[in-house]
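# Residue-level structure breakdown
The residues making up each chain are set out below.
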Amino acid sequence: MANKVYGDNRITVVVGSDKSASERYLNLLYGEIAPSLPYVLTVTTASELDDEKESYYNIIAVGTAKDNPYIASLVRDGIISIPDDIDGYVIRVLDNPKNAEKQLTVLAGSSS
């Protein structure tokens, strides 16, 4: 079987340090997105996301600033803000800060 090449317009989901803690989010997200992709959707922990990966992928970041260091860095750098109230959340789609030709989608809840 020949390997297929899908180019560099790929998506990865960035979660906190524990993939199992985000399993519910991942299952829901995967069920919605995966059927429309011609490749397997990858999951990357925030600690695995280096500058090269960050600039290569379209990123979907899920979690809270408390459990996902990547989301915490977006808040710290002023790229996103998350409401403080207990039911607060943000959904943002913007240019990837490391590569304007890629997108960053953030699904982040309050850490309260």
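Up top is the structure.
For every chain, the first residue of the written sequence is number 1, and numbering continues from 1 along that sequence. pLDDT decides what is reported in this predicted model: residues at 70 or higher carry local features, side-chain atom pairs at 80 or more are listed and counted, and totals for whole chains, interfaces and linings draw on all residues regardless. In computing side-chain values, all of the structure's heavy atoms are included and hydrogens and water are not.

Right, let's get into helix 1 (residues 23–33). Type-normalised accessible area, obtained with a 1.4 Å probe on protein chains alone, sets the label of each residue: buried when under 20%, exposed when over 50%, and partly exposed for intermediate values. Here a strand is any run of E in DSSP of at least two residues, a helix any run of H or I of at least four, and the numbering for each starts at the N terminus. Three or more residues of helix 1 are buried, namely Leu26, Leu29 and Ile33. Here the buried residues of helix 1 occupy an arc of 75° about the axis, which is enough to place them on one side. Those residues of helix 1 that are exposed and angled more than 90 degrees off the buried face are Arg24, Asn27, Leu28 and Glu32. Buried positions along helix 1 lie against strand 1 (11–15), strand 2 (42–45), strand 3 (58–64) and strand 5 (99–109). The arc refers to the directions leading from the helix axis to the C-beta atoms. Contacts are residue-level and defined by heavy atoms, with any inter-residue pair within 4.5 Å sufficient.

Take empty space enclosed by the protein next. Residues are said to line a cavity or pocket when one of their atoms sits within 4 Å of a point; the points come from a 1 Å grid over protein atoms alone, cavities being sets where a 1.4 Å probe fits but cannot get out and pockets being open sets with protein on both sides within 12 Å along at least five of seven lines. Grid points are joined across faces, edges and corners, and a volume is the space filled by probe spheres set on the points. Summed over the entire model, instances satisfying the criterion amount to one cavity of 30 Å³ or more. Forming the walls of the largest cavity are Val13, Leu26, Leu29, Tyr30, Leu41 and Val43. Sort the elements by how many residues they give to the lining of the largest cavity and helix 1 lands first, with three residues. Gly falls in the polar group here, along with every residue not listed as nonpolar (Ala, Val, Leu, Ile, Met, Phe, Trp, Tyr, Cys, Pro) or charged (Asp, Glu, Lys, Arg). In terms of residue class, the lining of the largest cavity is made up of six nonpolar, no polar and no charged.

Turning next to the pattern of salt bridges. Any Lys or Arg side-chain nitrogen located within 4 Å of an Asp or Glu carboxyl oxygen qualifies as a salt bridge. A full pass over the atoms with the stated rule returns one salt bridge. Its salt-bridge partner being Lys98, residue Asp51 comes within 3.4 Å of it at the nearest N-O pair. With Asp51 in helix 2 (residues 51–56) and Lys98 in the loop between strand 4 (89–96) and strand 5, the pair connects residues that are 47 residues apart, well separated along the chain. Classification of Asp51 as exposed rests on a relative accessible area of 51%. Of the residues examined, Lys98 reaches a relative accessible area of 43% and is grouped as partly exposed.

Volume-wise, the largest pocket comes out at about 150 Å³. Broken down by secondary-structure element, the contributors of at least two residues to the lining of the largest pocket are helix 1, strand 3 and strand 5. Here the lining of the largest pocket is composed, by residue class, of six nonpolar, three polar and no charged.

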